Amino acid sequence: MTGQISDSFDYRNQPYSLVGIRGVGLFDPAQHGIKPVAISTACWRGFFCIYEVADNALFLTTLYIGLGNEDEATAVRGEGPKLFGKVPSRYPLPKLKWMPNHESSDFKVDGIRELIPFTGGLLLGKDFIQDMYVHGGYQRAYKFREVHEMVFDSGRLVEEHDRSAQMSELREMILSEDREHDLVNPRSPIQKWIKQHFSRQYEF
């Protein structure tokens, strides 16, 4: 399995990765009548987003998406499918270090500034610890040195907390007890491993 591409956030003029979700309302192409197809083994769900936290609100600014044959054909003709009034344009994804031979050209919609009515909490991570990389799923929040929690109500920012110290404490606990080994132990139930690495739900 391959590490999955996370959504990105522009927060305080710095790029962060989405490393935890507790809530509902992030962008979903299915709500716009689009069924995305896998972009690569690094993006099985078929899309990823760039969001911005600004003016105490959550905005979608760019979408990368894999389109099926019918949607791709209409996009190439400039006819649709439209998202926020824009037709996706073909865009070659940058080379991924874990997929040097990936050549596919997919689609993006940029120039968006759409308020996203998310309600709940998001964990945003920065400064990933490369030694803790797992080649599969999404990377966990405790593997980032800097972690912030954003709490939204219908897209409006109502709370923000620096969780870096808590993540450092959790990281030390996991390393000292070698719990990470349990996540990748082939003798562990495979469904448990997949659930741990392909879900970004979190709890405190």
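Computed from a prediction, not measured in an experiment: that's the story for all the values here. (Residues numbered from 1 in each chain as written. Predicted model: local features only at pLDDT ≥ 70, side-chain atom pairs only at ≥ 80, totals over all residues. Heavy atoms only, no water.)

**Here we look at the environment of Arg 12**
Put simply, the rule reads: Secondary structure follows DSSP: runs of H or I at least 4 residues long count as helices, runs of E at least 2 residues long count as strands, and numbering of each begins at the N terminus. Here, two residues are considered to be in contact whenever any of their heavy atoms come within 4.5 Å of each other. Any pair of nitrogen or oxygen atoms within 3.5 Å is treated as a polar contact; in protein, a donor-acceptor pairing is required on top of that, and neighbouring residues in sequence qualify only through side-chain atoms on both sides.
For Arg 12, the location among the structural elements is in the loop between strand E1 (8–11) and strand E2 (14–24). The sequence separation of Arg 12 and Val 53 amounts to 41 residues, and the corresponding C-alpha distance is 7.7 Å. If we skip the residues at most four places from it in the chain, Arg 12 touches His 148 and Glu 160. There is a polar contact of 3.0 Å between the side chain of Arg 12 and the side chain of Tyr 11.

**Notes on the pairing of strand E4 (residues 57–65)**
Here is the rule: A simple rule labels every residue: compare its accessible area, found with a 1.4 Å probe on the protein chains alone, to the largest value its type can have, and call it buried under 20%, exposed over 50%, or partly exposed in between. Strands are labelled as partners when DSSP assigns at least two bridges between them.
For E4, a buried count of nine out of nine residues is recorded, marking the element as mostly surrounded by other parts of the structure. Pairing analysis gives eight bridges linking strand E3 (residues 47–54) to E4, with the strands arranged antiparallel. When the bridges of E4 are listed, Ile 50 appears paired with Thr 62. In this structure, the hairpin formed by E3 and E4 is closed by a connection of two residues, where Asp 55 is found at a positive phi of approximately 55 degrees. Bridging between E4 and strand E7 (residues 114–115) involves two bridges; their strand directions are antiparallel. Its bridge partner lying in E7, Leu 60 is registered against Glu 114.

**Comments concerning the side chain of Gln 4**
Tracing the backbone shows Gln 4 in the segment before E1. On the basis of relative accessible area, Gln 4 is assigned to the buried category, the value being 9%. At 2.8 Å, the side chain of Gln 4 forms a polar contact with the backbone oxygen of Thr 41.

**Here's the deal with the pairing of strand E8 (residues 119–128)**
For E8, a buried count of seven out of ten residues is recorded, marking the element as mostly surrounded by other parts of the structure. Taken together, the seven bridges between E2 and E8 define a ladder with antiparallel strand orientation. Looking at E8, one finds that Gly 23 is bridged to Gly 120.

**Quick notes on the packing of aromatic side chains**
In plain terms, the rule: Under the pairing criterion, centres of Phe, Tyr and Trp rings, with the six-membered ring standing for Trp, must be within 6.5 Å; the plane angle then separates stacked pairs below 30 degrees from edge-to-face pairs above 60, leaving the rest tilted.
All chains considered together, the criterion is met by eight aromatic pairs. With 5.5 Å between their ring centres and 65 degrees between their planes, Tyr 11 and Tyr 16 make a pair best called edge-to-face. Taking 6.0 Å as the distance between ring centres and 80 degrees as the angle between the ring planes, the aromatic pair formed by Phe 27 and Phe 47 counts as edge-to-face. Of the two residues, Phe 27 sits in the loop between E2 and E3 while Phe 47 sits in strand E3, which places them 20 residues apart along the sequence. Note on Phe 47: relative accessible area 7%, which makes it buried. One aromatic cluster is present, formed by Phe 27, Phe 47 and Phe 84 through successive ring pairs.

**Regarding the confidence of the model for the chain**
Condition: pLDDT measures how confident the predictor is about each residue, on a scale from 0 to 100.
Scored by pLDDT, the chain has a mean of 82; 79% of the residues are at 70 or more. Low confidence marks residues 96–104, where pLDDT is under 50. Its contacts with residues over four positions away, or in another chain, come to 19 contacts.

**What to know about the pattern of salt bridges**
Defined as follows: One side-chain nitrogen of Lys or Arg within 4 Å of one carboxyl oxygen of Asp or Glu is enough to make a salt bridge.
Here the structure, examined in full by the defined rule, presents ten salt bridges. Among the salt bridges present, the one from Arg 12 reaches Glu 160, with a minimum N-O distance of 3.2 Å. On the criterion of sequence distance, the pair formed by Arg 12 in the loop between E1 and E2 and Glu 160 in strand E10 (residues 156–162) is long-range, its members being 148 residues apart. The class for Arg 12 is exposed, based on a relative accessible area of 54%. Here Asp 55 ties to Arg 113 by a salt bridge, and the two come within 3.3 Å at their closest N and O atoms. Residue Asp 55 is found in the loop between E3 and E4, and its partner Arg 113 is found in the loop between strand E6 (105–109) and E7; the two are separated by 58 residues along the sequence. Among the residues examined, Asp 55 registers a relative accessible area of 62% and is labelled exposed. Taking relative accessible area as the criterion, Arg 113 reaches 44% and is therefore assigned partly exposed.

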